[in-house]
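Per-entry structural report
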8 protein chains.
Amino acid sequence: MYEDKLKKLLNEYKTGELDENELFRLLKLMPFEDLGWVSLDHHRAIRSGYPEVIYCAGKTPEQVAIIAEKLISAGNSSIMATRADISHFEAVQKLVPDAVYHGAARMITVCRSVSEAPALPVCVVTAGTSDIPVAEEAAVTAEQLGNRIERVYDVGVAGIHRLFARLDTISSAGVVIVIAGMEGALASVIGGLVDIPIIAVPTSVGYGANFNGLTPLLAMLNSCAAGVGVVNIDNGFGAGWMASRINRMVLR
Amino acid sequence: MYEDKLKKLLNEYKTGELDENELFRLLKLMPFEDLGWVSLDHHRAIRSGYPEVIYCAGKTPEQVAIIAEKLISAGNSSIMATRADISHFEAVQKLVPDAVYHGAARMITVCRSVSEAPALPVCVVTAGTSDIPVAEEAAVTAEQLGNRIERVYDVGVAGIHRLFARLDTISSAGVVIVIAGMEGALASVIGGLVDIPIIAVPTSVGYGANFNGLTPLLAMLNSCAAGVGVVNIDNGFGAGWMASRINRMVLR
Amino acid sequence: MYEDKLKKLLNEYKTGELDENELFRLLKLMPFEDLGWVSLDHHRAIRSGYPEVIYCAGKTPEQVAIIAEKLISAGNSSIMATRADISHFEAVQKLVPDAVYHGAARMITVCRSVSEAPALPVCVVTAGTSDIPVAEEAAVTAEQLGNRIERVYDVGVAGIHRLFARLDTISSAGVVIVIAGMEGALASVIGGLVDIPIIAVPTSVGYGANFNGLTPLLAMLNSCAAGVGVVNIDNGFGAGWMASRINRMVLR
Amino acid sequence: MYEDKLKKLLNEYKTGELDENELFRLLKLMPFEDLGWVSLDHHRAIRSGYPEVIYCAGKTPEQVAIIAEKLISAGNSSIMATRADISHFEAVQKLVPDAVYHGAARMITVCRSVSEAPALPVCVVTAGTSDIPVAEEAAVTAEQLGNRIERVYDVGVAGIHRLFARLDTISSAGVVIVIAGMEGALASVIGGLVDIPIIAVPTSVGYGANFNGLTPLLAMLNSCAAGVGVVNIDNGFGAGWMASRINRMVLR
Amino acid sequence: MYEDKLKKLLNEYKTGELDENELFRLLKLMPFEDLGWVSLDHHRAIRSGYPEVIYCAGKTPEQVAIIAEKLISAGNSSIMATRADISHFEAVQKLVPDAVYHGAARMITVCRSVSEAPALPVCVVTAGTSDIPVAEEAAVTAEQLGNRIERVYDVGVAGIHRLFARLDTISSAGVVIVIAGMEGALASVIGGLVDIPIIAVPTSVGYGANFNGLTPLLAMLNSCAAGVGVVNIDNGFGAGWMASRINRMVLR
Amino acid sequence: MYEDKLKKLLNEYKTGELDENELFRLLKLMPFEDLGWVSLDHHRAIRSGYPEVIYCAGKTPEQVAIIAEKLISAGNSSIMATRADISHFEAVQKLVPDAVYHGAARMITVCRSVSEAPALPVCVVTAGTSDIPVAEEAAVTAEQLGNRIERVYDVGVAGIHRLFARLDTISSAGVVIVIAGMEGALASVIGGLVDIPIIAVPTSVGYGANFNGLTPLLAMLNSCAAGVGVVNIDNGFGAGWMASRINRMVLR
Amino acid sequence: MYEDKLKKLLNEYKTGELDENELFRLLKLMPFEDLGWVSLDHHRAIRSGYPEVIYCAGKTPEQVAIIAEKLISAGNSSIMATRADISHFEAVQKLVPDAVYHGAARMITVCRSVSEAPALPVCVVTAGTSDIPVAEEAAVTAEQLGNRIERVYDVGVAGIHRLFARLDTISSAGVVIVIAGMEGALASVIGGLVDIPIIAVPTSVGYGANFNGLTPLLAMLNSCAAGVGVVNIDNGFGAGWMASRINRMVLR
Amino acid sequence: MYEDKLKKLLNEYKTGELDENELFRLLKLMPFEDLGWVSLDHHRAIRSGYPEVIYCAGKTPEQVAIIAEKLISAGNSSIMATRADISHFEAVQKLVPDAVYHGAARMITVCRSVSEAPALPVCVVTAGTSDIPVAEEAAVTAEQLGNRIERVYDVGVAGIHRLFARLDTISSAGVVIVIAGMEGALASVIGGLVDIPIIAVPTSVGYGANFNGLTPLLAMLNSCAAGVGVVNIDNGFGAGWMASRINRMVLR
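So, a few notes on the structure that sits alongside this text. This is a predicted model, so every value here is computed, not measured.

Conventions used here
- Residues numbered from 1 in each chain as written.
- Chains lettered and ligands numbered in written order.
- Predicted model: local features only at pLDDT ≥ 70, side-chain atom pairs only at ≥ 80, totals over all residues.
- Heavy atoms only, no water.
- Buried < 20%, exposed > 50% of the residue type's maximum accessible area, 1.4 Å probe, protein only.
- Helix = DSSP H or I, 4+ residues; strand = E, 2+ residues; numbered from the N terminus.
- Arc of directions from axis to C-beta.
- Contact = heavy atoms within 4.5 Å.
- Salt bridge = Lys/Arg side-chain N within 4 Å of Asp/Glu carboxyl O.
- Least-squares fit on C-alpha atoms with pLDDT ≥ 70 in both.
- Buried area = accessible area lost by both parts, 1.4 Å probe.
- Nonpolar A, V, L, I, M, F, W, Y, C, P; charged D, E, K, R; others polar.
- Polar contact = N/O pair within 3.5 Å; in protein donor to acceptor, adjacent residues only side chain to side chain.
- Pairing = 2+ DSSP bridges.
- Right-handed = clockwise from strand over helix to strand, strands pointing away.
- Lys, Arg positive; Asp, Glu negative; His and termini not counted.

A short note on helix 5 (residues 86-95) of chain B
An α-helical turn contains 3.6 residues, so a residue and the one three or four places further along point in the same direction. Residue and element names in this part refer to chain B. Looking only at helix 5, the buried set comprises H88, F89, A91 and V92. Each buried residue of helix 5 sits inside an arc of 165° when the element is viewed along its axis, so together they form one side. As for helix 5, its buried residues are in contact with helix 4 (61-73), strand 5 (100-102) and strand 6 (107-111).

Pasting the structure below:
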């Protein structure tokens, strides 16, 4: 069992049998937990600084709850589940009572210890109101990973003065996540105005020749402003994760 | 022969045998001129206010020259040829000495009478310098159709202050033609700033996931700003033609 | 609060403290109203001649009703909501009793003052009966913006005599909106017959290799008739808006 | 050797050893001629009424000449080669002196016996002048297969009166081949006007969102007029072949 | 009213005031019937030999029933409706009691007079059992238009001996309609085996990289066998219509 | 009747009237069983070593049950049905009581005799847990065809140590089936690590720019590791079938 | 240096200091040779049974020659280079005089020792003559890897009797590689006729809606015959490699 | 003139008439330099920390040289030009003698002052040797912007031990740029191994179903490893720019 092995190693570390470097080397080699239908990657927390994130789409509430419980039992103090609906949450809550549900973001989080946040916040900007679910997924993800969040919503280029009114907030962030559907022009406009790493998230908001987000995806990849990295359509989680990796560099 | 018929009709009109309405009715029914390889549409000038435009791509210099000469012989005072290279021009010039070549626009024009221009100009705006050939095609087309032109080039959103500096010029036009490649965001930004009919022209400027202009085409069709009509990729001529139709409405 | 600021400015204008130019300059700078989940762009009426239009898709009836009420409170005499179903309307009607529902167009309108209409109507043409919902969205939009409308429905090219029977109506309009699914040939045919600005709207009517409107979209963009501007698939609203911008030019 | 076998069979037929049915049965089973790099299908003339057609693209002039010579030696009185340039023709002419080159159609033909033509002609119609090479490939193919041809070129819908002027010619054909690039609307318009089998050929004429003929291909497949069969982009040969199969049905 | 006009014309024809040619000329000019939401094309029966076909998708049962009744009242002895479900049929049956429902084909027909059928049948071939609904639409359409039908179902190339067992039936038809999903190879195989006009119908049968019929559509357009005309995905009706046009040529 | 013919042939074989070669030749020519709506290919078991597989999608439970019963009556000792839901199974079970349902694989099997398995197993590997249904379809198919199966699930490249931990299992297989959605990188990684035939199955697991499996399909086709053959998206059955053909070669 | 290390290891093995297992374990860990611009993977021969294959496209003749020489110096007795033109060969030949150029396959090979071939050959089949270059790449690759080759060229389904005439050759192979452009139907037809592992290679032969091989690629992936694995368009090398992996299984 | 204005401002700053904040505010408002065909954005250096980068594709050597000279005259100490061929460089060198040409990267740089580099390098990784030009564009860009560079080339997943051998170098970088064509799997593999911001650049290396880089683009966007931002195909410059923005955050 993974947990026993873990305890033994930690004990040896405490008694001095293992030094820190050796402990970490062994932890990195420790295999995953095989539940038959899932290979739970317990040492991801060591490798990447955060335990494996649960992607709920296509999993039953029970499966999600079991994985959540296993991760907590393995000693992780924080966990995150994305694309969760309320039934996933209710199943998790039974096993992990301090789990929290974020409705707009469709996420479940548990947070038992808070790491120090970098001085600068991650700023999450949306073009319209329909982009907010994706934005919240990004925001909750980055917050859970230990960043302060600034939200600037509904400032698309059809009424560009709304953007300029919030430009100070945007330009004082450590990283900016720009979330837009339709033609996705907001990423280019912000990319031309601020000198900060920008992560662009196309959303499937739109109709007709929008092709479920293909149009803003292509537009963002072709941005005339340099320094814009793009993630998959509606992938708020990926954007929040990358934003955190960037924003927390100052703490390395 | 078309020309003989035409002369006869005009004569009858002069002597009063035909009144103006009847003359026009007959002219509208008059068949085209069949050169074997081309059905020259001589009464397009009557139907649409301008003679048939010669599309030079795929035609030999000699073919273009013959068509140009036929159109002039049929009594048209203005003609236009698009996608013309210098060899097309040289062949035309031999038969129609007052033809003019517009290098950047790749167009040949003949203009023997000038119609009154509307009070407001057509404003042609580009995002970058590589969009200029398409812009010039639009500008020369609209000018040839009797409009004043304002050119505002290289004001893409990567340096949006350049756009704001020229906003007065743009917002005092009758129609705005916005020409952009890459992600085509400029059309949405201008569409959100001015309350004027906007014609958007995507260009094939860009690389990779630009897909030869598909990206700005899709972006412009999905513009979050209402009131933007889109024409084909690199279709400066179509934009200039539509702009003129709109701009000259005040003279109807 | 936006409303208080607005009242103060209007008062100062009444008392002569502010002249008209200064009033307008300040209004243009006035920020939007931030409802948390939406940045309501109150001065769009000043910038573009009409208040922000409510796009109901993805909004709850309550959200639509609140925005509608806010726009009316801000002093707008007309408002428009698109992609509205009957439940959106019922919620709006509780707060704005004189709201009207247009079932075929799926729109809600309020109209408390009527602006002068241009002499020429906007003509809305469809190829088939299935295109009518999109056509009605265009017609109601252009009407709400102060234009007279002529409807010419079900005149597709499979029975082209139906089109010729209505050609007089079409050719005496100020702007023509052509709405077609399947192969979208109607736009090219009308574009070759009349010398009027044409806005083409592809619809998602069709099946198989129609690809939800991609085929008529591409066909319209490649129209062999010049002077055709295209909007997004099923975008009746955008077509009506652009038609109004064009048609009302004579009143500038 | 194929030729020896053939002679033997024909001899036995002449002497009465073989009756006609048995002769044909044996011919149908006769294998092809294996040149190593090509499996020459000698009995296609029996199976399909015409010998194997040589597709020259990607073959050397020498390869084409050898195949042509083999087909003639095998007793065929007619042969056809498509996508041939002048060098292919020159090589063929050395071995088959009565070969004819059709420049516009890029075809080589040999015709040593003429079969009876059906009463009605095949009518080949194009939208523009750039479609003529494809049209000529269709026309020469159908002619070579024993049909009279009517050519109606450059009658696209941008000047629809040109089409109506030629409608009598079109509607008195046995089959109509409609060839168009750009948006391909001509197929639908003719399909709605005449009650004759129509074969539509999209061409790669156009630019930008035409995507090398994809747009007219899709448009023709979605034609609102029933009874239109479509062949591959620029496939004049296929259209001519199918037209002949249809047109010659009355002779079966 | 259309019906009154029609009666008057037919009366004049009976009394000899109109000769047949003139009657037909006038009928061809007679306008359609405008029901507000539909421009009913009453003289299509004269122009194309069959009254307007009702496409039920997107129409209410009541709309279909009204159109059916109008077509019958206008004197047509046959009518056809496609993509009809049972509720459409029930509504039609109330107004037109002799209407017949074809469940597999999803069609409604009325047939009050039978025209002479050509000697050769139309043969409808499918690759699999899932292609049968499309095949039945083609078969019922061609039968209703006065052709005998031969059905050869489930003979795809994965078990090619089934095809060879039925080859005699196929090769003695006047026209062959080949219907296949998945990779659509059957059209090419039959095209190489028989010398008869072939209409290929791709179906949306398949999954994954089939892309709802795009794969067999492309395959059929690229068939290595000449003489194959393709119609839209799942368009059994169009195939049946074209097959009838071809098959009935011998009766012209 | 097929069964009678079969019995007669087998009898003649028993009595020595037929030798084995002749028996097989006749069996290969025996026609299929025509149920009207399906051409049941009874001698596929002889041709390909396994009776026709029933694809349940789009078939009623009754149709599936009838086909299953016919295949059993024809003397097959094993049958397989794919894309079966529980209602298909229940109908089959009534007629064939020893049928087995595999829920995860959505398959029905009957297995009355077991053929010898090759020494090496077929190894089925998945990148994630959502790929398991496709994996089970592959595994049950290959097992039913007489192979031992090794399952290695949820070892995607995001936690590549999980893959290395199972590499011994993978590299000792006869064939490896790699099943992955998202970006499909697992196929390339395994392809670079082992020298065994690899069949890659892209799945429709993913969202946004995954385009329902198009992305892993393209990735697998472009694998930088040679020796990877790809089947259709989600086509576990095809992969299992091909794997068995390869794995059982040693028994030929 | 790699070569020195190699010699030392082999010496120790000869003297008994290293046993075979240990030798192989060390060889597997031996790093690649870093030429600065290329990380030459010297132990691929051990891992995969054949040294790294040189892909010449985009490499200069000199680069190819250096890599070839390095591979030979490292003790490999066979090397292979694909997509090589004659200039690549000439450069290689100067350094490796026994290199052989295969013009049709565009390959360079060196073969200094011949491994035992399996009893069954690899059969390479093409639909047309234009597919031969891809076929030769597959054939030379599989031959170089120690397999006998049978070539069956130009047997496409348009003349299916040519295929049946060669069916005995095809059905007695160990693996069949089917190479086809246009609609790629040949893979399905062969897949339905033989019970042997089939590798399908789509080629870019075709035009128009063939889209450079996309059509046969999709068709092959959707083959109605099970047991077909597909490789990238024109990827003869990949097909030959996979065929060899499969065919040589009997020698494991 | 821009330069005069600049000097005046700088003088006032020196004399104390302007404080630093005011100087910067004014500089930010200073308009661009209008050369007619280009709006040179002189204050980009202030806004984004680096002067406008010259994109040479589609510009003449003379145009590039003039822009380079203008940027230097405006006081910039560093400039960069991308997609430059040797002729662009030669023209620049005449006006700016200390310009440097980077052949592999196709870039021109001038560097007159060196800013402090962050402690951690930017690591540029490629899958193959053909990806090196894109990698060099990224490397030279990031270096020019003040970062140390580590190059790890040709470590694609087909020989994954090469990657592991260099993992220490990769995991000690501040940012990793992963450049890959074909199936682009390398980005996912590295993304699963290190906890550092990753920028993925798909390249157009590959053929067939690679579609000029579309395949790795889609694969990278769908990476199963979180925290990967993607830029346009072959966009080494954009990747280098974004990497620098991220890497230099520690200096803010």
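A closer look at the pattern of salt bridges
Residue and element names in this part refer to chain D. Applying the stated criterion to the full structure yields 40 salt bridges over all chains. A salt bridge links R83 to E137, with the nearest nitrogen and oxygen atoms 3.2 Å apart. Of this pair, R83 sits in the loop between strand 4 (78-82) and helix 5 (86-95) while E137 sits in helix 6 (residues 132-144), placing them 54 residues apart in sequence. For the pair formed by R83 and E137, the shared burial category is buried.

Some details on the relation of the copies chain B and chain C
Once chain B has been moved 0.0 Å along the axis and rotated by 180°, it coincides with chain C to within an RMSD of 0.1 Å. The transformation just described matches what one would write down for a two-fold rotation axis. The residues that chain B uses at the interface reappear at the interface of chain C in 100% of cases, marking a shared surface.

Some words on the interface of chain H and chain A
Between chain H and chain A, the contact holds 36 residues from the first and 36 residues from the second. Ranking the residues of chain H by area buried against chain A places L221(H), R245(H) and M249(H) at the top, with a combined share of 23%. There are 2 salt bridges connecting chain H and chain A. In this structure, R245(A) engages D195(H) in a salt bridge whose closest nitrogen and oxygen atoms are separated by 3.2 Å. Broken down by secondary-structure element, the contributors of at least two residues to the side of chain H that touches chain A are helix 3 (44-48), helix 9 (185-193), strand 10 (198-202), helix 10 (214-221), strand 11 (228-230) and helix 11 (236-247) of chain H. Here the side of chain H that touches chain A takes 7 residues from helix 11 of chain H, the largest share from any one element. Taken together, the residues of the side of chain H that touches chain A break down into 20 nonpolar, 12 polar and 4 charged.

Comments concerning the interface of chain B and chain C
With 36 residues of chain B in contact, the opposing surface of chain C contributes 36 residues. Roughly 2800 Å² of surface becomes buried between chain B and chain C when both sides are summed, with 57% attributable to carbon and sulfur atoms. Three residues stand out in chain B for area buried against chain C, namely L221(B), R245(B) and M249(B), and they jointly supply 24% of the buried area on that side. Between the two partners, chain B and chain C, sit 9 residue pairs in polar contact (both at pLDDT 80 or more). Sorting the residues of the side of chain B that touches chain C by element identifies helix 3 (44-48), helix 9 (185-193), strand 10 (198-202), helix 10 (214-221), strand 11 (228-230) and helix 11 (236-247) of chain B as the ones contributing at least two each. Element by element, the count of residues in the side of chain B that touches chain C is highest for helix 11 of chain B, at 7 residues. Here the residues of the side of chain B that touches chain C sort into 20 nonpolar, 12 polar and 4 charged.

Description of the pairing of strand 9 (residues 175-180) of chain C
Look at any regular strand and the pattern is simple: side chains alternate between the two faces of the sheet. All names here are of chain C. In terms of residue burial, strand 9 counts as a mostly covered element, since 6 of its 6 residues are buried. Alternating positions in strand 9 separate into two faces, V175, I177 and I179 on one and V176, V178 and A180 on the other, with burial throughout. One ladder, built from 5 bridges, connects strand 9 with strand 10 (residues 198-202); its direction is parallel. The residue bridging V176 from the neighbouring strand is I198, located in strand 10. For the handedness criterion, the β-α-β arrangement of strand 9, helix 9 (residues 185-193) and strand 10 is classed as right-handed.

Remarks on the side chain of E183(A)
Relative to the helices and strands, E183(A) resides in the loop between strand 9 (175-180) and helix 9 (185-193). One buried charged residue, E183(A), remains without a salt bridge, the closest side chain of opposite sign being R162(A) at 10 Å. A polar contact of 3.0 Å, which involves the side chain of E183(A), links it to the backbone nitrogen of C224(B). With residues near it in sequence (within four places) discarded, E183(A) still touches V157(A), T215(A), P216(A), A219(A), S188(B), A219(B), N222(B), S223(B) and C224(B).

Some words on the pairing of strand 10 (residues 198-202) of chain D
All names here are of chain D. In terms of residue burial, strand 10 counts as a mostly covered element, since 5 of its 5 residues are buried. What you see with strand 10 is no split at all: I198, A200 and P202 on one side and I199 and V201 on the other are buried throughout. Here strand 10 pairs with strand 11 (residues 228-230) via 3 bridges, running parallel. Bridge assignment links I198 to a residue of strand 11, and that residue is V228. You can see the chain leave strand 10, run along helix 10 (residues 214-221) and come back into strand 11, and the turn it takes is right-handed.

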